[in-house]
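# Inside the fold
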Amino acid sequence: MNKGSIWRKWDFQLHTPYSILSNGYGDPLKVETWDRYITQIEKVAKENSIFALGITDYFMIEGYKKVKEYQGKGRLKEFFIFPNIEFRADKIITLEKENGERHTKRINFHVLFSPEVDIQVIQEHFLDDIEFIHEEDTFSTGQKRKLKISNLQDFGKKLKEQHNEFRDKPDLFIGCMNAVVDPNSIKHILEKNDKFKGKYLICLADESISLL
């Protein structure tokens, strides 16, 4: 070692076209959407000297899979890419403003994985083991479903049949918007599997508890 510490910029939360609740890029099933997305990442990240990117989706890892495909074809080679999965927790916190007004907010949290963890391992030994319920229920009384895209879509379709205000949105959007998971259960799944030992972080995003 002939030099000291190196300071580098990281963007821990970069949503993809598959982020159904935060997609400002276009149809994730179209090639041009992804070409535009990847090109924009390369441009902005280079302009801002960003070294590492946390590729983020709600409840799934589809966007990270797609980005890794592009990286395998020679794009984004200069960046450190890692997966960031965002969850809506079954916990609600109450915050109090300076004027005494109370404000409730549902907590969102993230699980960040090292890129050393294989995508299939994350899918089959983490995501496929997680259960979700309707945000209005509890895990002791609610109907549990495995956290799979097809189950989220079916959940959203059922809610659209029951609520008129949901009918102008895609099934998957409504499913993700109303599904919640138990953070303690997720922590247990990660801790019991040696494949994840020392290769993940659980983070609470600041915007989830901010009143600004």
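Up top you'll find the structure we're talking about.
A brief structural summary. The structure displayed is predicted, hence computed values, not measured ones. Each chain has its residues counted from 1, running along the sequence as written. Given that this is a predicted model, residues contribute local features only at a pLDDT of at least 70 and side-chain atom pairs are listed and counted only at 80 or more, while totals for whole chains, interfaces and linings are drawn from all residues. For the side-chain quantities, the full set of heavy atoms in the structure was used; hydrogens and water were omitted.

### A look at the overall build of the chain
Basically, it comes down to this: Strands are runs of DSSP state E lasting at least 2 residues, helices are runs of H or I lasting at least 4, and numbering of each runs from the N terminus. Radius of gyration means the value over C-alpha atoms here, while the globule rule gives 2.2 Å times the residue count to the 0.38 power. Throughout, exposure labels follow a simple rule: accessible area from a 1.4 Å probe, protein chains only, divided by the maximum for the residue type, with under 20% read as buried, over 50% as exposed, and the rest as partly exposed. The criterion used for residue contact is that any of the two residues' heavy atoms lie within 4.5 Å. A 1.4 Å probe and the Shrake-Rupley method give the accessible areas. Residues count as covered only by the protein chains that appear here. The charged-residue count follows a simple rule in which Lys and Arg add positive charge and Asp and Glu add negative charge, with His and chain termini not counted at all. A charge is said to be at NZ when it belongs to Lys, at CZ for Arg, at CG for Asp and at CD for Glu.
If you tally the helices and strands in the chain, you get six helices and eight strands. Taken from N to C terminus, the helices and strands of the chain fall in the order β-α-β-α-β-β-α-β-β-α-α-β-α-β. For 212 residues, the compact-globule estimate of 2.2 N^0.38 gives 17 Å, and the C-alpha radius of gyration of the chain, at 19 Å, lies within 12% of that figure. Its C-alpha atoms give the chain principal-axis dimensions of roughly 60 × 40 × 40 Å. Within the chain, buried positions represent 42% of all 212 residues. Taking all contacts inside the chain whose residues are at least 6 apart in sequence as the whole, residues at least 24 apart take part in 65%. Approximately 12,200 Å² of the chain is accessible, and the part contributed by carbon and sulfur atoms is 49%. A distance of 3 Å separates the average location of the 33 positive side-chain charges in the chain from that of its 34 negative side-chain charges.

### Some points on the sheet that holds strand β5 (residues 131-134)
What counts here: What makes two strands pair is DSSP finding at least two bridges between them. A fitted line through C-alpha atoms serves as each axis, taken over the contacting stretch for helices, and the angle formed by two N-to-C directions is quoted from 0 to 180°.
Taken together, three strands build an open sheet; the order of strands is β6-β5-β7 and the sheet is antiparallel. Edge positions in the sheet fall to β6 (145-146) and β7 (179-180), since each has one partner strand and no second. In the packing of helix α4 (residues 149-162) onto the sheet, the strands contacted are β5, β6 and β7, and the crossing angle to β5 comes to about 5 degrees.

### Observations concerning the pairing of strand β2 (residues 50-58)
Most of β2 is tucked away: eight of the nine residues are buried. Across five bridges, strand β1 (residues 9-15) lies against β2 in parallel orientation. By the bridge assignment for β2, Lys9 is matched with Ile50.

### Considering a nonpolar patch on the surface
Cut-off, in case you're wondering: Residues qualify for a patch when their relative accessible area is over 30% and they have no salt bridge, like charges being joined within 9 Å and the nonpolar side chains of Val, Leu, Ile, Met, Phe, Trp and Tyr within 5 Å. Salt-bridge detection follows one rule: a side-chain nitrogen of Lys or Arg within 4 Å of a carboxyl oxygen of Asp or Glu.
Side chains of Trp10, Phe12 and Phe80 sit close together on the surface and give an oily, nonpolar patch of about 290 Å² of accessible area. Mapped onto the elements, Phe12 comes out in strand β1.

### Some thoughts on the nonpolar core
Quick reminder of the rule: For our purposes a nonpolar core is just a set of buried Ala, Val, Leu, Ile, Met, Phe, Trp, Tyr and Cys residues, chained together by side-chain atoms within 4.5 Å.
Of all hydrophobic cores here, the largest spans 48 residues; its most connected members are Phe59, Phe87, Phe113, Phe126, Ile130 and Ile186. For this core, the element with the most residues is helix α1 (residues 31-47), which contributes five residues. Apart from residues lying up to four places away in sequence, Phe59 is in contact with Ile85, Glu86, Phe87, Arg88, Leu127, Leu147, Leu152, Cys176, Ala179 and Val181.

### Considering the packing of aromatic side chains
Our working definition: Aromatic pairing here means that ring centres of Phe, Tyr or Trp (its six-membered ring) are within 6.5 Å. Orientation follows from the plane angle: under 30 degrees is stacked, over 60 is edge-to-face, and everything else is tilted.
This model, assessed by the stated rule, comprises 17 aromatic pairs. A centroid spacing of 5.8 Å and a plane angle of 65 degrees characterise the contact between Phe12 and Phe82, whose relative ring orientation is edge-to-face. Of this pair, Phe12 sits in strand β1 while Phe82 sits in strand β3 (residues 80-96), and the two are 70 residues apart along the sequence. Using a relative accessible area of 42% as the deciding quantity, one classes Phe12 as partly exposed. A relative accessible area of 3% means that Phe82 is categorised as buried.

Purely geometric stuff here, so don't read any function into it on its own.
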